[in-house]
Structures are given as structure tokens and as C-alpha cells.
Amino acid sequence: MHKKIALAGPDITQKEVDYVVDAVKNGWYETYDMHIRKLEKTFADYVGAKYAIATYCGTHALHLATIALNLGPGDEVIVTDQSYIATAQAVSYVGAECVFVDIDPDTLCIDTSLIEAAITDKTKAIMLVHFAGMAADMDEIMRIANKYHISVIEDACQLVGGKYKDKYVGTIGDIGAYSFQGSKIAVGGEGGMFVTNDEALYKRALHYGTFCRNDSISFLWSDDIGYNYRISNVTAALILAQIERIDELIEKKKRIYDWYHEFLGGGCEQVRLLNIPKDCESNYAYVVGYLEDSSEITRDELLNKLLELNIHARPGYPSMSAMPNYTRRFPMDNSERYWKKGLVLPTALNLTEEDIRFTSNMIRDLVERGKME
Ligand SMILES: *Cc1c(COP(=O)(O)O)cnc(C)c1O
């Protein structure tokens, strides 16, 4: 059996080990939150945001976003139809309704030409996703948001370190959320980050993420039902080391991305890999595409055959609007197509050029001939 060609996985060096050991040994007493504070400052400075709150996971950062914007029952939020379900559930947690909008098939991000038709007088926010290393069309989203006076949440969980034009994603709308879960480019095992430039949103998120504690009334007083969404100092130390190495991690991801585009992108007409949109500076964390109808085998047959070779590719996300608890107001043809025909190729950071060549050759054999040579 070939070594596991993992879908995702981190690059860990002595620096990460040293930071974690330091946190375990020294992150107590007066320095109990030293690494959390350093991570928040480092991350805010890196992306160019005024405020950052490190959270236990990216989903918590998204939930704090919907809380900070005071969304609730009776409100509608425009949500892109393709994402990990956390994006939609963060809207549902506060009782607001998700109004799903289909994706642009070339970027897998929300199709901005469909947003205005989905806006009603209940619409309070747009929740977009910077999907698989591709930035959403922020100029158009901000134009629409300003026109209708609605807020913008950027789910940048997959695009840590990526830019739209000259700005880091997550800093263009009202609030940005990032994830450091184990399959993302920079990991903490679990971990997330909430960023904003708005002081009131920051204070509200901080308040609700720490049990709504209000010590000014009485020590350990809580003035509303809140949550315990803080990150642990040990996890923060690990993420801090990863963020200090983010340029190196992006470079490694870019090599993997380039190898796939070299070995599989040209010449194999059954697989169409997606390219980074022109206004986006990617983190290259993912390589995604479609299996074309000309393939000798179906997408699911391909994934199963790859798994037999210990190659862990995965399908596109299911359309969120098709899941229980959610409904559709509009057709979701492009999202359905990516769900049924989409491919996410292994881009774990421990993969070598040989691994990518092997994976590409196996995929090519399977889709061109229906078997391995
Ligand atoms: C990973 C991910 C999340 C959730 O992040 P967690 O840290 O796992 O909670 C949300 N949205 C998107 C687009 C993601 O990829």
C-alpha cells in the first residue's frame, strides 16, 4: 500500500513544539493568557484589522459575528449555498433565516449577480465564503451591501493569508472569521479568529464570547446569556507559531497547487481544475475542480478507486439549502453541479512532488481509461 495521500494536514516544525512547550511551562499565573494576547495582536497586525478575538474554533467566530450584528428571529441573511455547514448554522444559532444564493461555478463563491433578487425588507446581512483559496467578489458585495444598508460577514475560514486586491480577506466587510482547524493551512487542532475594525462589534463579540461577564456590576456578574468561546493558551501558542510561518506555509501550498496544474491541469480534458480569480491573491490551500461528463467513470467511482490506492480526495460539499432545517427560494444548479461533480484533491503539507505526480497519474488513468495502467 502506498503511503497515505492525505486530503489535508499541517507542517509542524521545532518552532511550534517550542511555543507549545513554552505555553505549557510558562502560560500560567500572571502570564496565563500571554500567547492568546500575542496571537490576537500578531493576527490583527498581519491582516490589518483593528480588533481580533481568538476563539475555540472558526464556528464560534462566525457565531460571535451573527451575535455582534444583533441578528435574530425575523431577520434574513443571504448565505452562499456552498460551504461547510458551519457557515449556515452560525446564522441559525441566533434564529435568523438563511436565504441561500447559488454560486459562481468558476470561483465556487457566491454569484453576486443573484444577490439583489434575494434581498427583501427583512435582509440584514450577507454571509459570504471565500471558498477553497478563492476570494469572493468583494467590490460587488460591498456595493450591494452599501446600497441596501446591510452588513457583511466574511467567512474566511479557508483563506487565512489570502487577499482580495490589496486587502486581506476578512477585513473588507464588517466582520471576518477564520479557522485553524486541523485541515486548514495554519492549524491549532481547533481554533478560530474573529476580526473587525468596528469597536462596538468587537466589544459585543468579546462580551458574548465570555459569558457576558460584567464585573463592573459585581465580581463574576453576568448580564445576559453568553458563551465560553475563548481559545486555550496552549492552542494559541501553536497557532501563533503557524501564523509567524504563514508565508512559508503558503509557499509550500503553492508548490502543490502548481504541481497539480502542471501534471493534471493541462491535457487531461476529463478533469477541469479551477484557477484563482484575477482579483485574488490566494493562499493556495486547496486544489478543486470538476470531473467532466467525458470521464470514463463517475465522480464517486473515481473517489472510491482513489481511496483503494490510499489517495484521500473528497467530493464537493452538499448544497446546504437541500439539508434538513433549510429551504430554497431559488434554483441551485451550480451548487448542485459542484456537489455532484466537484473534486477536492489532496493538498496535505507533507505531500511531495512524487506524491502529486502519482496522484495525478492515477486520476488521469482512471478518468481516461476507467482503470489503472
Ligand atoms: C472549516 C470551516 C468552518 C468552520 O471552522 P471550525 O474551526 O471547524 O469551526 C467554517 N466555514 C468554512 C468555510 C470552513 O472551511
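**Points about the overall build of the chain**
In step 1: When helices and strands are tallied, the chain shows 12 helices and 14 strands.
In step 2: Against the 2.2 N^0.38 benchmark of 21 Å for 373 residues, the chain shows a C-alpha radius of gyration of 21 Å, consistent with a compact globule.
In step 3: Reported as C-alpha extents along the three principal axes, the dimensions of the chain are approximately 75 × 55 × 35 Å.
In step 4: Surface accessibility of the chain: about 15,900 Å² in total, with carbon and sulfur atoms responsible for 51%.
In step 5: Where the 39 positive side-chain charges of the chain centre and where its 54 negative ones centre are 2 Å apart.

**With respect to the packing of aromatic side chains**
In step 1: Within this structure, the stated rule accounts for 12 aromatic pairs.
In step 2: On the numbers, 5.8 Å between centres and 85° between planes, the contact of Phe-43 with Phe-180 is edge-to-face. Here Phe-43, found in helix α2 (residues 34-47), pairs with Phe-180, found in the loop between β8 (175-179) and β9 (192-196); they are 137 residues apart in sequence, far enough to count as distant. As far as burial versus exposure is concerned, Phe-43 and Phe-180 are alike and both buried.
In step 3: The ring of Tyr-284 is capped by Lys-254, whose NZ or CZ atom sits 5.3 Å from the centre of that ring.
In step 4: One Lys or Arg, Arg-337, reaches over the ring of Tyr-290 and ends 4.7 Å from the middle of that ring.

**Remarks on the pairing of β9**
In step 1: Along β9, 5 of the 5 residues are buried, which leaves the element largely enclosed by surrounding structure.
In step 2: Of the two faces of β9, both are covered, the one formed by Gly-192, Phe-194 and Thr-196 as well as the one formed by Met-193 and Val-195.
In step 3: The sheet contact formed by strand β1 (residues 51-55) and β9 spans 5 bridges and is antiparallel. Its bridge partner lying in β9, Ala-52 is registered against Val-195.
In step 4: Taken together, the 5 bridges between β8 and β9 define a ladder with antiparallel strand orientation. When the bridges of β9 are listed, Ala-177 appears paired with Phe-194.

**Describing the pattern of salt bridges**
In step 1: Enumeration over the complete set of coordinates arrives at 33 salt bridges.
In step 2: Note that Arg-245 and Glu-16 form a salt bridge whose closest N and O atoms lie 2.7 Å from each other. Of this pair, Arg-245 sits in the loop between α8 (233-244) and α9 (246-265) while Glu-16 sits in helix α1 (residues 14-26), placing them 229 residues apart in sequence.
In step 3: Glu-16 sits in the buried class, given a relative accessible area of 1%.
In step 4: A salt bridge links Lys-38 to Glu-244; its shortest N-O distance comes to 3.9 Å. With Lys-38 in helix α2 and Glu-244 in helix α8, the pair connects residues that are 206 residues apart, well separated along the chain.
In step 5: Residue classification places Lys-38 among the partly exposed residues on the basis of a relative accessible area of 43%.

**Thoughts on the layout of surface pockets**
Regions of empty space are outlined by a rolling probe, equal in size to a water molecule, passed over the atoms.
In step 1: The space that makes up the largest pocket amounts to roughly 440 Å³.
In step 2: Lining the largest pocket are 26 residues, and of these Tyr-84, Ser-179, Gln-181, Ser-183 and Lys-184 sit closest to its centre.
In step 3: Elements that contribute at least two residues to the lining of the largest pocket include exactly α3 (58-68), α4 (86-92) and β14 (342-345).
In step 4: For the lining of the largest pocket, the residue count by class is 12 nonpolar, 10 polar and 4 charged.

**Looking at the site of the ligand**
In step 1: Taken together, 15 residues lie around the ligand, and Gly-58, Thr-59, Asp-155, Ser-179 and Lys-184 are the ones closest in.
In step 2: Within the side chain of Gln-158, a nitrogen or oxygen atom sits 2.9 Å from an oxygen atom of the ligand.
In step 3: Protein chains bury 94% of the 380 Å² of accessible surface belonging to the ligand in isolation.
In step 4: Taken atom by atom, the bulk of the ligand overlaps the largest pocket.
In step 5: Elements supplying a minimum of two residues to the shell around the ligand: α3 and α4.
In step 6: For the shell around the ligand, the leading source of residues is α3, giving 3 residues.
In step 7: Partitioned by chemical class, the residues of the shell around the ligand number 5 nonpolar, 8 polar and 2 charged.

**Comments concerning the side chain of Gln-242**
In step 1: Checked against the element boundaries, Gln-242 lands in helix α8.
In step 2: Ignoring any residue separated from it by four or fewer positions in sequence, one finds Gln-242 in contact with Asp-11, Ile-12, Glu-16, Ile-185, Ala-186, Val-187 and Leu-249.

What counts and how
- Along each chain, residue indices are assigned from 1 in the same order as the chain's sequence is written.
- Reporting in this predicted model follows two pLDDT cut-offs: at least 70 for local features of residues, and 80 or more for side-chain atom pairs to be given and counted; totals over whole chains, interfaces and linings ignore these cut-offs and use all residues.
- The basis for every side-chain value is the complete set of heavy atoms in the structure, and neither hydrogens nor water enter the calculation.
- Helical segments are the DSSP runs of H or I of at least four residues, strand segments are the runs of E of at least two, and each set is numbered from the N terminus.
- Radius of gyration here is computed from C-alpha atoms only, and the compact-globule reference equals 2.2 Å multiplied by the residue count raised to the power 0.38.
- The Shrake-Rupley method, run with a 1.4 Å probe, gives the accessible areas here. Residue values count only the displayed protein chains as cover.
- In this count, Lys and Arg are taken as positive residues and Asp and Glu as negative ones, while His and the chain termini are left out.
- Charged side chains are reduced to one point each, which is NZ for Lys, CZ for Arg, CG for Asp and CD for Glu.
- In this scheme Phe, Tyr and Trp rings, the latter by its six-membered ring, pair at centre separations within 6.5 Å, and the angle between planes marks the pair as stacked below 30 degrees, edge-to-face above 60, and tilted otherwise.
- To sort residues, take the accessible area from a 1.4 Å probe on protein chains only and compare it with the maximum for the residue type: under 20% means buried, over 50% means exposed, and anything in between is partly exposed.
- Each ring is checked for a lysine NZ or an arginine CZ that lies within 6 Å of its centre and within 35 degrees of its normal; such an atom marks a charge sitting over the ring.
- Strand pairing is assigned whenever DSSP detects at least two bridges linking the two strands.
- Counted as salt bridges are all cases of a side-chain nitrogen of Lys or Arg within 4 Å of a carboxyl oxygen of Asp or Glu.
- A cavity here means a set of points on a 1 Å grid, drawn over the protein atoms and nothing else, where a 1.4 Å probe fits but cannot get out; a pocket is an open set with protein on both sides within 12 Å along at least five of seven lines, and a residue lines either one if it has an atom within 4 Å of a point.
- Grid points are joined across faces, edges and corners, and a volume is the space filled by probe spheres set on the points.
- In this classification, Asp, Glu, Lys and Arg are treated as charged, Ala, Val, Leu, Ile, Met, Phe, Trp, Tyr, Cys and Pro as nonpolar, and every other residue, Gly included, as polar.
- Throughout, the term near means that a residue has one or more heavy atoms lying within 4 Å of the molecule or strand in question.
- Two N or O atoms count as a polar contact when they lie within 3.5 Å, although within protein this holds only if one can serve as hydrogen donor and the other as acceptor, and sequence-adjacent residues are included solely when both atoms are side-chain atoms.
- Think of it this way: if more than half of a molecule's atoms are within 2 Å of a pocket's grid points, that molecule is in the pocket or cavity.
- Should any heavy atoms of two residues lie within 4.5 Å, those residues are considered in contact.

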